[in-house]
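Below, each chain spelled out in residue letters.
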Amino acid sequence: MFEWLARQDADVVCVQELKAQAADMSADLLAPAGYQGHFHYAQKKGYSGTGVYTRHATHQVLTGFGSDEFDAEGRLVRTDFDLPSGKYGVLSLYLPSGSSSPERQKAKFRFLEQFLPYMQALRAENRATGREFVLCGDWNIAHQQIDLKNWRSNQKNSGFLPEERAWLTQVFEQAGFVDVFRKLDPRPEQYTWWSNRGQAWAKNVGWRIDYQIATPGIADRAHQSSIYIEQRFSDHAPLIIDYRL
């Protein structure tokens, strides 16, 4: 992954599910290939965690969103940039998965309930200050039928439950955020995650659960997108979007 990163011309790279603590992070992990990393570690060892690598100096870095339960899991880091072209916030986000047990699905629903007001507050900040936001990460929800291969058989499974999909619709239609990749690319079979079971990767039996969800101003400046599948780093693939600033 870090060899790939060194070849990129990316301003910002967001990573999720680090499974690392601060004590685990070497100098090469904290600042690879000309980037500076900013991280939110989970309290539990070997679990969750989010980070942002950037080439630019940050105006501020914030972790968490005010939830005792989920901030302890290291699920959000926000990096703000004040650049000549404008003010921006890039957030690395890792939503809980509910697939392991009914208890974790209940936790996922609690997260959604608590996180929507935070997104609404970001949108209010966007309107008040002009700061544009991009939330990058593993949202663990496929929004529409086009976003997973076997949608019929997954309608009762975590990640494609009607309640989860309706929540994402609220994010787009009520909170006013934009699914940037889908704005640029309406094609089917554009997936970012494949199960390690069976031959999901080889057969492209995937899900699109990684998103860049943005405020309208910067979403309108997005002009190119891709999903990097030439190499495989994990069960997820990097989602790359270019914005003209």
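Residues numbered from 1 in each chain as written. Predicted model: local features only at pLDDT ≥ 70, side-chain atom pairs only at ≥ 80, totals over all residues. Heavy atoms only, no water.

Student: Could you clarify how one ought to interpret helix 4 (residues 102-129) in this entry?
Tutor: An α-helix turns once every 3.6 residues. As a result, residues three or four positions apart point the same way. With 28 residues, helix 4 extends 41 Å from end C-alpha to end C-alpha; this agrees with the ideal 40 Å at 1.5 Å per step. Of all the bends in helix 4, the greatest reaches close to 25° and is centred on Phe115; the proline Pro117 follows between one and four positions later. (Helix = DSSP H or I, 4+ residues; strand = E, 2+ residues; numbered from the N terminus. Expected span 1.5 Å × (residues − 1). Bend = angle between axes of the 7 residues up to and from the residue.)

Student: What is the right way to look at the packing of helix 4 against helix 5 (residues 162-173) in this model?
Tutor: Any two packed helices are characterised by the angle at which their axes cross and by the distance between the axes. Axis separation between helix 4 and helix 5 bottoms out at 11 Å; the angle between their running directions is 10°. The pairing of helix 4 with helix 5 is recorded here as roughly parallel in orientation. On the side of helix 4, the interface is formed by Gln105, Lys108, Phe109, Leu112, Phe115, Leu116 and Met119, while helix 5 contributes Glu163, Glu164, Trp167, Gln170 and Val171. For the contact of helix 4 with helix 5, the residue count by class is seven nonpolar, two polar and three charged. (Axes fitted to C-alpha atoms, helices over the stretch in contact; angles between N-to-C directions. Parallel < 35°, antiparallel > 145°, perpendicular 65-115°, else oblique. Contact = heavy atoms within 4.5 Å. Nonpolar A, V, L, I, M, F, W, Y, C, P; charged D, E, K, R; others polar.)

Student: Explain the sheet that holds strand 3 (residues 50-54) here, please?
Tutor: The strands that make up a sheet are held in pairs by hydrogen bonds between backbone atoms, and each pair lies either parallel or antiparallel. The antiparallel open sheet is built from three strands, whose spatial order is 1-3-2. Pairing within the sheet leaves two strands with one partner each, and these edge strands are strand 1 (12-16) and strand 2 (36-40). With strand direction ignored, the average angle separating the axes of adjacent strands in the sheet is 15°. Note that strand 2 and strand 3 share five bridges and pair antiparallel. Within strand 3, the residue paired with Gln36 across the bridge is Thr54. (Pairing = 2+ DSSP bridges.)

Student: Sorry, what's going on with unusual backbone geometry here?
Tutor: Peptide bonds are, in most cases, trans, and in most cases residues other than glycine have a negative phi. Not every positive phi belongs to a glycine, and Lys19 is a case in point at roughly 60°. Relative to the assigned elements, Lys19 resides in the loop between strand 1 and helix 2 (27-30). Located in the positive-phi region is Glu189, a residue other than glycine, with phi close to 60°. Mapped onto the elements of the fold, Glu189 is located in the loop between helix 6 (180-184) and strand 9 (193-194). Taking relative accessible area as the criterion, Glu189 reaches 40% and is therefore assigned partly exposed. (Buried < 20%, exposed > 50% of the residue type's maximum accessible area, 1.4 Å probe, protein only.)

Student: What should I look at first to understand the pairing of strand 5 (residues 76-83) in this one?
Tutor: If a strand is regular, its side chains alternate between the two faces of the sheet. Within strand 5, six of the eight residues are buried, which leaves it mostly tucked inside the rest of the structure. Of the strand pairs in this sheet, strand 4 (residues 60-63) and strand 5 are connected by four bridges, and their pairing is antiparallel. Along strand 5, the bridge assignment pairs Gln60 with Asp80. In this structure, strand 5 lies alongside strand 6 (residues 86-94), joined through eight bridges in antiparallel fashion. Paired with Asp82 across the strands is Lys87, a residue of strand 6. Between strand 5 and the antiparallel strand that follows it, strand 6, lie two residues.

Student: Help me understand the state of the cysteines in this model?
Tutor: Here a disulfide denotes one covalent bond, and it connects the sulfur atoms of two cysteines. Scanning the model with the defined rule gives zero disulfides in all. Between Cys136, a free cysteine, and Cys14, which holds the nearest cysteine sulfur, the sulfur-to-sulfur gap is 3.9 Å. (Disulfide = S-S within 2.5 Å.)

Student: What exactly am I supposed to notice about the sheet that holds strand 5 here?
Tutor: Across the sheet, six strands lie side by side as 4-5-6-7-11-8; this open sheet has mixed pairing. Each end of this open sheet is capped by a strand with a single partner; those strands are strand 4 and strand 8 (178-179). Each of strand 5, strand 6, strand 7 (132-138) and strand 11 (210-214) touches helix 4; the most contacted strand, strand 7, lies at about 155° to it. Sheet strands touched by helix 5: strand 8 and strand 11. Its angle to strand 11, the strand with the most contacts, is close to 30°.

Student: When you look at the side chain of Asp210 in this model, what are you seeing that I'm missing?
Tutor: Inspection of the secondary structure assignment puts Asp210 in strand 11. Buried within the structure, Asp210 lacks any salt-bridge partner; Arg208 is the closest side chain of opposite charge, at an N-O distance of 9.0 Å. Polar contacts involving the side chain of Asp210 include one to the side chain of Thr192, which spans 2.5 Å. If near-sequence neighbours (up to four positions away) are discounted, Asp210 is found in contact with Gly137, Asp138, Thr192, Trp193, His236 and Leu239. (Lys, Arg positive; Asp, Glu negative; His and termini not counted. Salt bridge = Lys/Arg side-chain N within 4 Å of Asp/Glu carboxyl O. Polar contact = N/O pair within 3.5 Å; in protein donor to acceptor, adjacent residues only side chain to side chain.)

Student: In this structure, what is going on with the environment of Ala20? I would like to understand it.
Tutor: Of note, Ala20 is situated in the loop between strand 1 and helix 2. Considered as a pair, Ala20 and Lys45 are 25 residues apart in the sequence and their alpha carbons are 6.9 Å apart. Not counting residues up to four positions away in its chain, the partners in contact with Ala20 are Met25 and Tyr41.

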